[in-house]
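Understanding the architecture of this molecule
So the chains spell out like this:
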Amino acid sequence: MAYYSVYWPQDWVEKLQKAGDKGPIRVIYGSIHSRMPTIASVKIGDVVFPVTLAKKKLYVMARLPVTHKERAFDYCMRELGCQHGALVPDGIAVKESDTFYYMPGKSFNCAEAIPEGVQIITQSEKPHPLHQQPFNCCSQWAAWGDEGSSIEPRLLPDEAIPILRFGYPKSKEKALRLDKNGNVLPMSLSATRRMSKETAKLFEKLF
């Protein structure tokens, strides 16, 4: 088992709060973009903690034990009924209104134009909590489980920040990057980070 942090931008956290989405958290996505970085290293049995920065303070938003991992497209189509920006796998075209989306950057206005052998899937939105949607396009993977915590800001004490360590193996563990006032720099969180055992224990105490 490994423990990871992923970063939720403050604008996404504010959208969740405005929507009244307090969980429990069901899924974490990873994309090909730095705003929602890859979760390729996350495996079944791991635990993921979304974190955010607000007014220069570090908050842990939720805790998700991962019991399943699959393509984001498969998760979105099954659970949400729509692609929601997930990468479309080879051999599939997604029908949205009168447009068929096929592979990155390609679309068709009629079914007859789609290459032979391509499976056509029609989208049909299902009710779901907002956090189940990817907050960025081009998501690749979805890590999910049924034992997630509530979604709410849990403040990490200031004295804990300097002793947090991330990286693997232990010889490569590093502290978060801080400014001259000891505040966490957002760039140090903008990746999926594996925690040290000691750091994981500090996060677990918040739940």
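Residues numbered from 1 in each chain as written. Predicted model: local features only at pLDDT ≥ 70, side-chain atom pairs only at ≥ 80, totals over all residues. Heavy atoms only, no water.

1. Examining the sheet that holds strand β11 (residues 139–144)
Paired through their backbone hydrogen bonds, the strands of a sheet run either parallel or antiparallel. The antiparallel open sheet is built from three strands, whose spatial order is β2-β11-β6. Both outer strands of the open sheet, β2 (27–31) and β6 (68–71), are each paired with one neighbouring strand and no more. Across the sheet, the axes of successive neighbouring strands diverge by a mean angle of 20 degrees, strand direction being ignored. Where β6 and β11 come together, four bridges link them in antiparallel fashion. Counted as the bridge partner of H68 is W144 from β11. (Pairing = 2+ DSSP bridges. Helix = DSSP H or I, 4+ residues; strand = E, 2+ residues; numbered from the N terminus. Axes fitted to C-alpha atoms, helices over the stretch in contact; angles between N-to-C directions.)

2. Section: the side chain of S196
Within the secondary structure, S196 sits in the loop between β13 (193–194) and α3 (197–204). Those residues within four positions of S196 in sequence are excluded, and the remaining contacts are R165 and E173. (Contact = heavy atoms within 4.5 Å.)

3. Details of the layout of surface pockets
In this structure, the largest pocket spans a volume of roughly 220 Å³. Along its surface, the largest pocket is lined by 14 residues, and Y168, R194, M195, S196 and K197 are the ones closest to its centre. Each residue belonging to the lining of the largest pocket can be placed in one class, and the counts come to seven nonpolar, two polar and five charged. (1 Å grid on protein atoms, 1.4 Å probe; cavity = no way out; pocket = protein on both sides within 12 Å on 5 of 7 lines; lining within 4 Å. Points joined across faces, edges and corners; volume = space filled by probe spheres on them. Nonpolar A, V, L, I, M, F, W, Y, C, P; charged D, E, K, R; others polar.)

4. Points about the packing of aromatic side chains
Counted by the stated rule, this structure contains six aromatic pairs. With 6.0 Å between their ring centres and 75 degrees between their planes, Y29 and Y75 make a pair best called edge-to-face. Placement of Y29 in strand β2 and of Y75 in helix α2 (residues 72–80) is noted, with a sequence separation of 46 residues between them. Among the residues examined, Y75 registers a relative accessible area of 2% and is labelled buried. (Phe/Tyr/Trp six-rings, centres within 6.5 Å; stacked < 30°, edge-to-face > 60°. Buried < 20%, exposed > 50% of the residue type's maximum accessible area, 1.4 Å probe, protein only.)

5. A closer look at the nonpolar core
Judged by nonpolar contacts, the single largest core of 35 residues is most densely connected at W8, I25, I28, Y29, V42, F73 and I151. If you tally residues by element for this core, the top one is α2, at six residues. Membership of the second largest hydrophobic core comes to 17 residues, among which are V47, F49, V51 and L189. (Core = buried A, V, L, I, M, F, W, Y, C linked by side-chain atoms within 4.5 Å.)

6. Structural notes on the pairing of β2
Burial of β2 is extensive: five of the five residues sit out of reach of the surface. Alternating residues of β2 divide into V27, Y29 and S31 and I28 and G30, and every residue in both groups is buried.

7. Brief notes about the environment of L185
Relative to the assigned elements, L185 resides in the loop between β12 (154–155) and β13. Expressed as a C-alpha distance, the spacing of L185 and W8, which sit 177 residues apart in the sequence, is 14 Å. With residues near it in sequence (within four places) discarded, L185 still touches L53, R177, L178 and D179.

8. Concerning the environment of M195
When you line up the elements, M195 lands in the loop between β13 and α3. Look at M195 and you get buried, because its relative accessible area is 6%. On a C-alpha basis, the gap between M195 and K106 in space is 39 Å, while along the polypeptide they are 89 residues apart. The residues touching M195, leaving out its near neighbours within four places in the chain, are Y3, Y4, S5, F49, R165, F166, A200 and F203.

9. Focus on the side chain of N136
Its place among the elements puts N136 in the loop between β10 (119–122) and β11. At 3.5 Å, the side chain of N136 forms a polar contact with the side chain of R35. Apart from the residues lying within four places of it in its own chain, the contact partners of N136 are S31, H33, R35 and M36. (Polar contact = N/O pair within 3.5 Å; in protein donor to acceptor, adjacent residues only side chain to side chain.)

10. Some points on α3
Regarding α3, the residues found buried are T199, A200 and F203. On an axial view of α3, the arc spanned by its buried residues comes to 100 degrees, and they lie on one face. Facing away from the buried side of α3 by more than 90 degrees, the exposed set consists of K197 and K201. Elements in contact with the buried residues of α3: β1 (3–7), β3 (47–54) and β4 (57–60). (Arc of directions from axis to C-beta.)

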